[in-house]
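# Tertiary structure, described
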Amino acid sequence: IIKDFMPNAAGSCLIEFGRTRVLCTATVQNSAPSYVPEGTGWLTAEYSMLPGSTTTRKQRERNKYDGRSIEIGRLIGRSLRSIMDFTAIPDLTITIDCDVIQADGGTRTASISGGFVALSLAVKKLLESGRIERSPIKCYLAAVSAGICGGTPLLDLCYVEDSSAEADMNYVGTEDG
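An account of the accompanying structure is given in this report.

What counts as what
- Residues numbered from 1 in each chain as written.
- Predicted model: local features only at pLDDT ≥ 70, side-chain atom pairs only at ≥ 80, totals over all residues.
- Heavy atoms only, no water.
- Phe/Tyr/Trp six-rings, centres within 6.5 Å; stacked < 30°, edge-to-face > 60°.
- Helix = DSSP H or I, 4+ residues; strand = E, 2+ residues; numbered from the N terminus.
- Buried < 20%, exposed > 50% of the residue type's maximum accessible area, 1.4 Å probe, protein only.
- Expected span 1.5 Å × (residues − 1).
- Pairing = 2+ DSSP bridges.
- Salt bridge = Lys/Arg side-chain N within 4 Å of Asp/Glu carboxyl O.
- Axes fitted to C-alpha atoms, helices over the stretch in contact; angles between N-to-C directions.
- 1 Å grid on protein atoms, 1.4 Å probe; cavity = no way out; pocket = protein on both sides within 12 Å on 5 of 7 lines; lining within 4 Å.
- Points joined across faces, edges and corners; volume = space filled by probe spheres on them.
- Contact = heavy atoms within 4.5 Å.

So, on to the packing of aromatic side chains. As enumerated under the stated definition, the model contains three aromatic pairs in all. For the pair Phe116 and Tyr140, a centre-to-centre distance of 5.4 Å together with 55° between the ring planes defines the contact as tilted. A residue pair is termed long-range when its members are at least 10 positions apart, and Phe116 in helix α2 (residues 107–129) and Tyr140 in the loop between α2 and β6 (141–149) qualify at 24 residues. Overall, Phe116 belongs to the buried group, its relative accessible area being 6%. One aromatic cluster is present, built from ring pairs that chain together Tyr35, Trp42 and Phe86.

See below:
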């Protein structure tokens, strides 16, 4: 993990899980969506794979979104929201952007773990600047893929292992279980 990879973002990192590389950024907006209660904040996430991230060119998502990207963005957002106290970031929205620059399996889990690092760095800056009084992060979070290939249990499956696994699953865990 290379922290503060993007100096203009409130928080960022470049995370590598094997040959998978994901650029994760956190930005802070001075408003919350209308559907959240007044005095609370929100966190949302977006995910995309850049054109050169796979062996064949991945099309850019211009005005049409790939269902897979939407589903993974929702997974990242749900995972990170599960450890947040939104009353600690009143009327703010934190957006986590995860852009896959090289895919070799485990892009979801790398995005969740990297998204948490970017979020943590953004929260640290918010605290240091006095924009918030306490951390909204209730506990630490990370994710990893696991599977069984040829009868052997493996963590962080690469593309070849993932595509031929007898069973595979993504795990998101918190420090408190």
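Take α2 next. For α2, built from 23 residues, the straight-helix expectation of 33 Å at 1.5 Å per residue is met to within 8% by its first-to-last C-alpha distance of 32 Å. Positive phi shows up at Gly130, right after α2, with a value of about 80°.

Within strand β2 (residues 11–17), six of the seven residues are buried, which leaves it mostly tucked inside the rest of the structure. Where strand β1 (residues 2–3) meets β2, two bridges bridge the pair, whose relative direction is antiparallel. Paired with Ile2 across the bridge in β2 is Leu14. Where β2 and strand β3 (residues 20–29) come together, seven bridges link them in antiparallel fashion. When the sheet's bridge partners are listed, Cys13 is paired in β3 with Cys24. With antiparallel pairing between neighbouring strands as the criterion, β2 and β3 make up a hairpin whose turn holds two residues, including Gly18 at a positive phi of roughly 60°.

Taken as a whole, this structure holds three salt bridges when the rule is applied. Taking the shortest distance from any N to any O, the salt bridge between Arg21 and Glu16 comes out at 3.4 Å. On the basis of relative accessibility, which here comes to 40%, the residue Glu16 falls in the partly exposed class. Measuring nitrogen to oxygen at the nearest pair gives 2.6 Å for the salt bridge that ties Asp85 to Arg134. Of this pair, Asp85 sits in the loop between α1 (67–81) and β5 (93–102) while Arg134 sits in the loop between α2 and β6, and the two are 49 residues apart along the sequence. The class of Asp85 is partly exposed, set by a relative accessible area of 22%.

The antiparallel open sheet is built from three strands, whose spatial order is β7-β6-β8. Each edge of the open sheet is held by one strand with a lone partner, namely β7 (152–155) and β8 (167–174). Mean inter-strand twist for the sheet, computed between neighbouring axes without regard to direction, equals 25°. Across eight bridges, the pairing between β6 and β8 is antiparallel. Within β8, the residue paired with Ala142 across the bridge is Gly173.

Turning to the layout of surface pockets, a few remarks are in order. Of the volumes computed, that of the largest pocket is approximately 500 Å³. Surrounding the largest pocket, 20 residues form its lining, Met49, Ala103, Asp104, Gly105 and Tyr159 being those nearest its centre. Looking at the lining of the largest pocket, the elements with two or more residues in it are α2, α3 (159–164) and β8.

With respect to the helices and strands, Gly106 occurs in the loop between β5 and α2. A relative accessible area of 15% places Gly106 in the buried class. Linking Gly106 and Ala146, residues 40 residues apart in sequence, is a C-alpha distance of 9.2 Å. If sequence neighbours within four positions are ignored, Gly106 has contacts with Thr20 and Leu157.

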